[in-house]
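Listed below, chain by chain, are the residues.
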Amino acid sequence: MKRKNYLYILGVTVLLCSGCDNANRESKTNVKLPELDAIDELQLNLTRISADDYPNAKLADLAEDIESAEQVDVKEAEKLHRPEDYLTITLGYEDDSQDTFYFFQYEGEWYMETEAGVFYRNAEFVQDYISQVEVIPESVFSPEPEFLRLRLGLEDRFDTLDTKYEFVLGVQTDMQFHGMTEEEAIVSTRASLMEKYQICQYALQGGIEISDEELDQILNQYQEAFADDAARSEYKSIYEEAGTTLQESLEKNRELIRIDKTIKKLYQKLQNDFRNGQTKVGNKDCKDVNEYYQIYVEDVVKSSIEETERNKLEKSLDDAERYYKENKAELEKNDPYTDPESLIWDFLNEYLNVSLEQATDQMQQLTENSSVHIVMEDAFTSEGIEQVTANRYPLMMEKLAVDIGSDIIIEEVEINPESDSETERRYSFCADLDYPMADNDTVTDEIKGYFDVQFLDNEWKIDAFMVRSFDGSYPLS
């Protein structure tokens, strides 16, 4: 779009004193916008909106607020400098021209700046039009506890956190937390890592990188946030269980964090381009920054990577996939459970998430003489294995999946302690389940029961697993 020249209204000052020199007075101006009917489109920071889709009364309020902002004097303007974390409002007009206004805070007060570099105060109204969610800093440390346990367990098994480590972590994460089959998880992990490495390579080629000093600062921010927040006690206990510390884990992840932050730096550059009016990728006009970024990655980033480099990345992923398949049994061995709730959560996650395809195969292979696989059998006492087998819990969920003709996906689990001793405990549970049906409907259900666990040989084991029937009795047979 062309840039539109502003129209200004001269501010009028009434002099009550005599002998004042009008020539020495500093004249100030207010922004004057075209008529509302001329506004064709708005861009509120990272989102574009047609004027027809924006409430007319709110558009009138926005125009009035912009025109009411008060120009600062020369001395005050000399102190002002737009920081990196500013907001923008762009008004696009029918004649294909546009006006952009920049908003930022200085010493607790909001200011507005025009494209000509003129500053105005009383600009806090911007908060009424741009959601502050967009400017809230991201949390520097908030992993899900169960994901953190998985990650730390894998970190301990790898001397260097390379592509093989990322591949194994990606596959296990997709299977455990996203309900994917192993085949789906492998395909998903390959695609996400390929894209990640291509974006990082593109950023580095464009001079976007994270220096050692920047990386040190990022790692220090993680540690400071972790140390200062009393609510992080759960995370601290997880690190203690894993036999490591946050600092040791961060150092081991140093180069992976550098890659992630390099990609984020590219995203921030593209975000900045978008909010300053660069909304097209080729001939594709984007409505928001996420669409802009996704199209940019597909049409610009991936096409810029030479075939030889893509082949190198593919080979690296081939090696990682081969490593995963060859070492799967060893990688899936559980470390001793020192936290009973973690043991129960892992069991329910594996037991209740069922693929219809795999369930069908298992039920078809089942014969009277075939042995039944028990999920996480090593996590049970011998009495626990006898109990779950007697109550026909193995393959219970697979049979349910086949009967209803749907995958079973665990949506939410609540685990509550019923008794608490040093060596024997009981926990009740309630799990919400989803059955995605062929007609795109999702049926919801819940399953309740309890676990008895024992602390034997320095680890917790399941001694009993009971599912409650519809009438509230135990066991379900």
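Residues numbered from 1 in each chain as written. Predicted model: local features only at pLDDT ≥ 70, side-chain atom pairs only at ≥ 80, totals over all residues. Heavy atoms only, no water.

### Focus: the sheet that holds strand β13 (residues 409-419)
Going by this rule: When DSSP locates at least two bridges between a pair of strands, those strands are taken to pair. Each helix is a run of H or I in the DSSP string that is no shorter than four residues. Each strand is a run of E no shorter than two, and both are numbered from the N terminus. Note on geometry: axes are C-alpha line fits, over the in-contact stretch for helices, and angles between N-to-C directions span 0 to 180 degrees. We call two residues in contact when some of their heavy atoms are within 4.5 Å.
Across the sheet, which stays open at both edges, the four strands sit in the order β13-β14-β15-β16 with antiparallel pairing between neighbours. Bordering the open sheet on either side are β13 and β16 (459-467), each of which pairs with just one other strand. The mean inter-strand angle of the sheet, taken between neighbouring strand axes irrespective of direction, is 25 degrees. Bridge analysis of β13 against strand β14 (residues 424-436) gives nine bridges, and the strand direction is antiparallel. For Asn416, the partnering residue across the bridge sits in β14 and is Ser428. Relative to the sheet, helix α15 (residues 396-404) contacts β14, β15 (442-456) and β16, its axis offset from that of β14 by approximately 20 degrees.

### Observations concerning the pairing of strand β5 (residues 47-50)
In this structure, strand β4 (residues 39-44) lies alongside β5, joined through four bridges in antiparallel fashion. When the sheet's bridge partners are listed, Leu44 is paired in β5 with Thr47. The loop that links β4 with its antiparallel partner β5 comprises two residues; one of these, Asn45, has a positive phi angle of about 60 degrees.

### Describing the nonpolar core
For clarity, the threshold we go by: Throughout this description, the term nonpolar core refers to a set of buried Ala, Val, Leu, Ile, Met, Phe, Trp, Tyr and Cys residues connected via side-chain atoms within 4.5 Å. A 1.4 Å probe rolled over the protein chains alone gives each residue an accessible area, and that area as a share of the maximum for its type sets the label: buried under 20%, exposed over 50%, partly exposed in between.
Phe347, Tyr351, Leu352, Met397, Ile447, Phe451 and Phe465 are the most contacted members of the largest nonpolar core, which totals 36 residues. By residue number, the principal contributor to this core is helix α12 (residues 340-352), which donates six residues. Beyond its immediate chain neighbours, meaning those up to four positions away, Phe465 contacts Phe347, Tyr351, Phe380, Gln387, Val388, Tyr393, Phe429, Tyr450 and Phe451. Listed in part, the 26 residues of the second largest apolar core include Ala63, Ala69, Trp110 and Val126.

### Description of the packing of helix α5 (residues 182-205) against helix α11 (residues 307-331)
The relative placement of two packed helices comes down to the angle between their axes together with the axis-to-axis distance. Keep this limit in mind: Note on convention: the crossing is left-handed when the near helix lies turned anticlockwise from the far helix by less than a right angle, right-handed when the turn is clockwise. Polar here means any residue other than Ala, Val, Leu, Ile, Met, Phe, Trp, Tyr, Cys and Pro, which are nonpolar, and Asp, Glu, Lys and Arg, which are charged; Gly is therefore polar.
Packing of α5 against α11 brings their axes to within 10 Å, and their N-to-C directions diverge by 145 degrees. Here the hand of the crossing between α5 and α11 comes out right-handed. The residues of α11 that touch α5, namely those facing Glu182, Ile186, Arg190, Leu193, Met194, Tyr197, Gln198 and Gln201, are Glu309, Arg310, Leu313, Glu314, Leu317, Asp318, Glu321, Tyr324, Lys325 and Lys328. Residues belonging to the contact of α5 with α11 are distributed by class as follows: seven nonpolar, two polar and nine charged.

### Quick look at the pattern of salt bridges
Note that side chains of opposite charge can pair when their charged atoms are close. Worth spelling out the cut-off: Take a side-chain nitrogen of Lys or Arg and a carboxyl oxygen of Asp or Glu: if they are within 4 Å of each other, that pair is a salt bridge.
Applying the stated criterion across every chain, the model contains 35 salt bridges. Asp403 is the partner of Lys399 in a salt bridge, and the nearest nitrogen-oxygen pair spans 3.0 Å. Placement of the pair is Lys399 and Asp403 together in helix α15, with a separation of four residues, close to one helical turn. For Lys399, a relative accessible area of 45% corresponds to the partly exposed category.

### Here's the deal with the packing of aromatic side chains
Heads up, the condition is: In this scheme Phe, Tyr and Trp rings, the latter by its six-membered ring, pair at centre separations within 6.5 Å, and the angle between planes marks the pair as stacked below 30 degrees, edge-to-face above 60, and tilted otherwise. Two thresholds decide whether a charge sits over a ring: the Lys NZ or Arg CZ must be within 6 Å of the ring centre and within 35 degrees of the ring normal.
Counting across every chain of the model gives 23 aromatic pairs. Relative to Tyr129, the ring of Phe125 has its centre 6.5 Å away and its plane inclined at 75 degrees; by these criteria the two rings are edge-to-face. Plain terms: the ring middles of Phe167 and Tyr324 are 6.4 Å apart, the flat faces sit at 55 degrees to each other, and that makes the pair tilted. Here the residue Phe167 occupies a position in helix α4 (residues 163-177), and Tyr324 occupies one in helix α11, the gap between them amounting to 157 residues. Note on Phe167: relative accessible area 0%, which makes it buried. Residue Tyr324 is classed as buried on the basis of its relative accessible area, which comes to 0%. Linked through ring pairs, Phe347, Tyr351, Phe380, Phe429, Phe451 and Phe465 together constitute an aromatic cluster. Directly above the ring of Tyr86 sits Arg275, whose terminal nitrogen or CZ lies 4.0 Å from the centroid. Seen from the ring of Tyr450, Arg426 lies directly overhead, with NZ or CZ sitting 3.8 Å from the centre.

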